[in-house]
Amino acid sequence: MALNEFSLIQRFFTQQRVKNPSTTLGIGDDCALLSIPEGFQLAITTDTMVENVHFFAGTNPEQLGYKLLAVNLSDLASMGAKPLSVSLAITLPSVDEAWLSSFAKGFLNLAEQYSVDLIGGDTTSGPLTLTVQALGLVPKGRGLRRSTAKPGDLIYLTGSLGDAGLGLKIKQGYACFDHESALARFNRPKPQVELGLALVNIANACIDISDGLLADLGHILEQSQVGARLDWELLPLSKAVHSYINETGDWSMPLIAGDDYELCFTISPDKAAMLTIPCTKIGVIEAVPKLRLYKSGQLQSLTSKGYEHFS
């Protein structure tokens, strides 16, 4: 018998047991009910992924379910918020039970890893479109922002840069010796939740790298009304990314490629010794506006700053 909207939800998306004490009522009613602990604020983010815009047609549905949730958890991480719950809206061209089972597995396995409750959502018919609204808890007044970088702050980056961009290049036909690692970074990015939590009360400003370092750091600079100096030689790059640059000469790729989902943050020099997370200093915040990139001691011209919709 064909699945309708409600039997689809019941079969594939109600396997979770409610985990968070804040989840008073989850899937099954017109609304979910949440209780917010005293002394905390809700951090809320929403992301949409559209087939042939954010992901290739035919993408492995388990990887897609994982990545859809991961990118939203990354937004919470950039605010220093602990993940709480999510809602999921799916628009499907048709009901494919095998596809839905695999998608739900990737999505719910990651939710289980971070004790995130799926508390509701919607299903509709149409071109494949996936939307998540994620909620997290952050101590009141302590949420990390884009608008609070200060001149003299040091700029740090977690992890390495450009690996997901290399993964995209591989999917587009580039041959790479370490293709499995690069593809894993593109298909299954790790949301840096624990690192974001560790930056609360230490970092001044923070953002996750979704559209490329230049674009995302640019948001911090714009909203904080400051500038910055970056040194290309300080960027943390994997051997595979270095190899790609050596072969192609495309040294700007790790600066403009998206999907790394690492955290870029600024911190006062006097607090740098308090850092207990793996990260790399890549530059400094300056009072004079605009971003200045130096490579081999020479100021470089920046013509592309990363991915933007409608551009």
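Below is a short write-up of the structure. (Residues numbered from 1 in each chain as written. Predicted model: local features only at pLDDT ≥ 70, side-chain atom pairs only at ≥ 80, totals over all residues. Heavy atoms only, no water.)

**Re the pairing of strand β4 (residues 82-92)**
Our working rule: Accessible area is worked out with a 1.4 Å probe on protein chains only. A residue is then buried under 20% of its type maximum, exposed over 50%, and partly exposed in between. Strands here mean DSSP runs of E at least two residues long; helices mean DSSP runs of H or I at least four residues long; both are numbered from the N terminus. Paired strands are those between which DSSP finds at least two bridges.
Summarising burial for β4: eight of the 11 residues are buried, a large majority. As defined by bridge partners, β4 adjoins strand β6 (residues 129-139) across nine bridges and the pair is classed as antiparallel. In the sheet register, serine 87 faces β6, and the bridge partner there is glutamine 133. One ladder, built from eight bridges, connects β4 with strand β5 (residues 117-125); its direction is parallel.

**Details of the pairing of strand β11 (residues 279-286)**
Examined bridge by bridge, strand β7 (residues 154-158) and β11 share five bridges and lie antiparallel to one another. Counted as the bridge partner of leucine 154 is valine 284 from β11. Pairing geometry for strand β9 (residues 227-231) and β11, over four bridges, is antiparallel. For leucine 230, the partnering residue across the bridge sits in β11 and is glycine 283.

**Describing empty space enclosed by the protein**
Stated formally: Points on a 1 Å grid over protein atoms alone make up a cavity when a 1.4 Å probe fits among them but cannot get out, and a pocket when they form an open set with protein on both sides within 12 Å along at least five of seven lines; lining residues each have an atom within 4 Å of a point. Grid points are joined across faces, edges and corners, and a volume is the space filled by probe spheres set on the points. Throughout this entry, Asp, Glu, Lys and Arg are counted as charged residues, while Ala, Val, Leu, Ile, Met, Phe, Trp, Tyr, Cys and Pro are counted as nonpolar. The remaining residues, Gly among them, count as polar.
Throughout the structure, instances matching the rule amount to one cavity of 30 Å³ or more. When its volume is computed, the largest cavity comes out at roughly 100 Å³. In this structure, the largest cavity is lined by Met49, His54, Phe55, Phe56, Thr59, Gln63, Leu64, Lys67, Lys171, Phe186 and Asn187. Elements represented by at least two residues in the lining of the largest cavity include exactly α2 (61-78) and α5 (179-187). At three residues, the largest contribution of residues to the lining of the largest cavity is made by α2. For the lining of the largest cavity, the per-class residue count stands at five nonpolar, four polar and two charged.

**Here we look at the environment of glutamate 194**
Considering the arrangement of structural elements, one finds glutamate 194 in helix α6 (residues 193-199). Judged by its relative accessible area of 42%, glutamate 194 falls in the partly exposed class. For the pair formed by glutamate 194 and alanine 81, sequence separation is 113 residues and the distance between their alpha carbons is 9.4 Å.

**Focus: the sheet that holds strand β3 (residues 40-50)**
For clarity, the cut-off: In this analysis, axes come from line fits to C-alpha atoms, helices being fitted only over the stretch in contact, and the angle between any two N-to-C directions falls in the range 0 to 180 degrees. Whether two residues are in contact is decided by their heavy atoms, any of which lying within 4.5 Å being enough.
The four strands lie next to each other as β3-β6-β4-β5, forming an open sheet whose pairing is mixed. What marks the edges here is a single partner per strand, and that holds for β3 and β5. Along the sheet, successive strands turn relative to each other by an average axial angle of 15°, direction set aside. Pairing geometry for β3 and β6, over 11 bridges, is antiparallel. Along β6, the bridge assignment pairs alanine 43 with glycine 136. Against the sheet, α2 contacts β3, β4 and β6, and its axis sits at roughly 140° relative to β3. Along the sheet face, helix α3 (residues 97-113) touches β4, β5 and β6 and points at about 165° away from the line of β4.

**Topic: the pattern of salt bridges**
Stated precisely, the cut-off is as follows: The salt bridge definition used is simple: a Lys or Arg side-chain nitrogen within 4 Å of an Asp or Glu carboxyl oxygen.
Counting across every chain of the model gives six salt bridges. Glutamate 262 is paired through a salt bridge with arginine 185; the nearest N and O atoms lie 3.4 Å apart. Linking glutamate 262 in the loop between α9 (253-256) and β10 (263-267) with arginine 185 in helix α5, this pair joins segments that are 77 residues apart in sequence. Its relative accessible area of 6% is what places glutamate 262 among the buried residues. Of the charged contacts in the structure, one is a salt bridge between arginine 292 and glutamate 286, with a shortest N-O distance of 2.9 Å.

**Re unusual backbone geometry**
Positive phi, close to 75°, is recorded for asparagine 201, a residue that is not glycine. Mapped onto the elements, asparagine 201 comes out in the loop between α6 and β8 (205-208). For asparagine 201, a relative accessible area of 47% gives the class partly exposed.

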